[in-house]
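Here are the chains, one letter per residue:
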Amino acid sequence: MFLKYLNLCRDCRKSAADAAKLNRKESYKAQRKNYRREKKRVASELMNSLQDPAVIVLADWLKVRGTLKSWTKLWCVLKPGLLLIYKSQKTKSSHWVGTVMLTSCQVIERPSKKDGFCFKLFHPMEQSIWAPRGPDKETIGAVVQPLPTAYLIFRAPSQAAGKCWMDALELSLRCSALLLRTNSSTTPSSNYTGEPLPVSNETQWSEADYEKHFNDHDLDADSQNEAPNAAMSGLESDSESEAAQEDDLDQVQCEETCYVPFQEEEFGEQGEQVEELAEENKSLIWCIVKQVRPGMDLSKVVLPTFILEPRSFLDKLSDSYYHADLLSRAVHEDDAFTRMKIIVQWYLSGFYKKPKGLKKPYNPILGETFRCYWKHPNGSRTYYIAEQVSHHPPVSAFYVTNREDGFSITCSILAKSKFYGNSTSAVLEGTATMTLLPRGEIYTATTPYAHCKGILMGTLSMELGGKINIECENTGYKTELEFKLKPFLGGADATNVVVGKIKLGKETLATIQGHWDKECRLKDLKTGEEILLFKADADMRSKRLTRYLVPLEKQLPTESERLWSLVSEAIAREDQVAATEEKTVLEESQRASAKERAENDKKHIPTLFELNDYGQWIYKYSDLRPWDVRNDVRQYECDYKVITETRNKTVPVVLGADKLIPLRAGMNLVTRSFRHLTIVPSAEGSKAPKAKNKSLVLAPRDTNSDSSQSPQGAVKRGSNSAAIKQLTNAVEQMNATLQSHTKQLNDITRRLERMQYAPSSRHSNVHELIGGGVSLSTVIKSLIYALIGLMVSLILRWLFK
């Protein structure tokens, strides 16, 4: 009986072992089946992303340097993990040159003396970067000049285009797995139910191929790569999916702001801008005069409401953009001289709109905002965002953008006013920075001051005055304009006169003359041709773009029109008492808020703008990328954020002004610092080229050497924060060096002055004594006495004649 029980237990163990062995075998087969299916899905998705024309990160013409040191212009198409190079824009098999595998490459910026932006793709171990086949299994590429094996050197047409390529390449290098989500009609991975995915003929493998691959690579050894494979297949981690859901949720919550057209505009008469005061208002002027003294700043003086224009100063600053379509023309103009002429034409078009009479806009309240846009004939929009970022001193910051037409403007204005007795001047300190995005050109412009005279006696009038500059350091062109004040004995022709000239370096190319509220003419000094630059007539006014505003009922409490609505309504009714009362309420509220912040030791933090390390107010949501017609759809505004709608959400929204403008400011500082240094020619006698592009040269290098072997000759592009930190350190070191050199030069100057004016016995004898030992002072006195005696004798003879 006991033996039967033992045999039964042995049989049970054997059956359990056989069952476990069978389960392991079935599990192994299931794992192998899942492995094949996953491998096929990854290959299918990668091939689809390679062949699908919609999956493109960036595509444009680039110059590529061959092994013979010559450049060839090729069409480059950047895809996730791959860079396809074609001979022409027609991406055909016969035009395919080669495919670069980005997974084994690194990218760095390469300094260059020529125009444009240069960067390099290279293998760190000096191995081949080329794929053996093309997207359609091509094995032989199109005939072009021979290209290097382990690296490629590219040149973009501009700084902006080069930076865009660098950002796109870095994204493809680091996040290529996240970009393998195709927009094709293949079955998505979320709906995968176990059936094999449909694949093209090029990716269909036979069963023998799967078995060979499975036998060559053990499953246990490959199991450690399951996570990367999952990422390559498009599977997301929980954190990534949550982040994507949050981004989608933010986009859903942020609805586009509603705008309505606004066409009610007032235009004052051409010529001198005057105001006839009523008798009751003259007494108020004398009350103001009693509060001020010559040279005093008028920013703290409360002005009466009868001289106020019923709109805010933030709204007033937008008058310069009713002809923003001229900037669109300038972007597409290839000639730099013509671009400067068009920009000057746009600049002058912002002054001819004047209010009826002599009016001053409201002083903005701290935290006050304003927004609007102009619609262009091609359907694009120029957005204007403004905010009062400081009250004492009064600083207004604004941002203008139209990425579709290729320009962006940022500026902050410090308003100052001075009283001189019978006149006063309103000075607007600040420099507007305009960027032509596709060209990477930066223009800077200043603003004339407003001069008001006739406060105590004479006719109350206002005009513009001062010298302004419009300059582009990239091209070297500069425009100098002078707004001249009317002279004391001048007539109507001497009112609102503006003269100027366009220069390239020190050479004057053209002159400008006319009236800024009537017409201006430009004369080309080389050809002698004279053209009409600007004319403020009915035809010009008919070409003004339509401005769109947010309806009053949908505006925020801090928006200009709603904030000053009660004051504007009272002025429209000509009820000066009610307007003064409503204006006093706003001013008292502002003083109470300032007192509360002072008691709690708090500072006002602007909502839309922030102060960078270089003292510039920058729009927080600015986007300085060139417009991508393949991916960008349109610009729209939502909660004061100007957003670009794109077709492909995986393409990143790269650097905004918070990183580009500090970098540009550092470059400007370095460029200006280099201008004051003396450049010593090299031993070969080559002259240093003029710096048209803002680039920082860290060390001299041989242009024919490989940048990967010369770490001093190239700046490796790391993270944005690291690049800005390195640039800041370099600028600080250069500033310290310049300061030390300045101190030494000042010391030498002082010593020379002492040597020049120090008394010297030998030289003093030469200067003070004339031949015979007679001093110079004695000779002068003698001559004076002789002349006096001669005049007296002549007068006496005439009297007693």
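We now turn to the structure provided with this report.

Thresholds, definitions, all that
- Residues numbered from 1 in each chain as written.
- Predicted model: local features only at pLDDT ≥ 70, side-chain atom pairs only at ≥ 80, totals over all residues.
- Heavy atoms only, no water.
- Helix = DSSP H or I, 4+ residues; strand = E, 2+ residues; numbered from the N terminus.
- Buried < 20%, exposed > 50% of the residue type's maximum accessible area, 1.4 Å probe, protein only.
- Contact = heavy atoms within 4.5 Å.
- Areas by Shrake-Rupley, 256 points an atom, 1.4 Å probe, with all protein chains shown as cover.
- Patch = residues over 30% accessible without salt bridge, like charges linked within 9 Å, V, L, I, M, F, W, Y side chains within 5 Å.
- Salt bridge = Lys/Arg side-chain N within 4 Å of Asp/Glu carboxyl O.
- Phe/Tyr/Trp six-rings, centres within 6.5 Å; stacked < 30°, edge-to-face > 60°.
- Lys NZ or Arg CZ within 6 Å of the ring centre and 35° of its normal.
- Pairing = 2+ DSSP bridges.
- Axes fitted to C-alpha atoms, helices over the stretch in contact; angles between N-to-C directions.
- Parallel < 35°, antiparallel > 145°, perpendicular 65-115°, else oblique.
- Polar contact = N/O pair within 3.5 Å; in protein donor to acceptor, adjacent residues only side chain to side chain.

Points about the overall build of the chain
Working step 1: If you tally the helices and strands in the chain, you get 18 helices and 32 strands.
Working step 2: Looking at the chain as a whole, 41% of its 801 residues are labelled buried.
Working step 3: Sequence separation of at least 24 residues holds for 62% of the intrachain contacts in the chain that already meet a minimum separation of 6.
Working step 4: Taken as a whole, the chain presents about 45,800 Å² of accessible surface, with 55% of it coming from carbon and sulfur.

Topic: a nonpolar patch on the surface
Working step 1: Together, Leu776, Ile780, Ile784, Tyr785, Ile788, Val792, Ile795, Leu796, Trp798, Leu799 and Phe800 make up a nonpolar patch on the protein surface, roughly 1,200 Å² of accessible area in all.
Working step 2: Note on placement: Leu776 falls in helix 18 (residues 776-799).
Working step 3: Relative accessible area serves as the criterion here: at 37%, Leu776 is assigned to the partly exposed category.

Here's the deal with the pattern of salt bridges
Working step 1: Summed over all chains, the structure comprises 29 salt bridges.
Working step 2: Of the charged contacts, one joins Arg439 and Asp334 as a salt bridge, the two residues approaching to 2.9 Å between their closest N and O atoms. Of this pair, Arg439 sits in the loop between strand 17 (432-436) and strand 18 (441-445) while Asp334 sits in the loop between helix 9 (325-332) and helix 10 (336-348), placing them 105 residues apart in sequence.
Working step 3: Ionic pairing is found between Arg521 and Glu530, a salt bridge with its closest N-O pair at 3.3 Å.

Some thoughts on the packing of aromatic side chains
Working step 1: Considering all chains together, one arrives at 23 aromatic pairs under this definition.
Working step 2: On the basis of an interplanar angle of 40° and a centroid distance of 6.5 Å, the ring pair of Phe117 and Phe119 is categorised as tilted.
Working step 3: Judged by relative accessible area, which is 2%, Phe117 ranks as buried.
Working step 4: Cation over ring: Arg155 sits above Trp71, and NZ or CZ is 4.6 Å from the ring centre.

Brief notes about the sheet that holds strand 6 (residues 117-122)
Backbone-to-backbone hydrogen bonds pair the strands of a sheet. The strands run either parallel or antiparallel.
Working step 1: Strand order in the open sheet formed by seven strands is 4-3-2-1-7-6-5, with antiparallel pairing between adjacent strands. Unpaired on one side and paired on the other, strand 4 (96-101) and strand 5 (106-109) mark the two borders of the sheet. When strand polarity is set aside, the average angle formed by the axes of neighbouring strands in this sheet is 35°.

As for the packing of helix 9 against helix 10
Working step 1: In the contact formed by helix 9 and helix 10, the axes pass within 9 Å of each other and the chain directions differ by 175°. Judged by the angle between their axes, helix 9 and helix 10 are roughly antiparallel. Facing Leu326, Leu327, Arg329 and Ala330 of helix 9, the residues of helix 10 in contact are Arg339, Ile342, Ile343, Gln345 and Trp346.

Points about the side chain of Gln145
Working step 1: Its location among the elements puts Gln145 in the loop between strand 6 and strand 7 (151-156).
Working step 2: Here Thr72 takes part through its side chain, which lies 2.4 Å from a polar atom of the side chain of Gln145.

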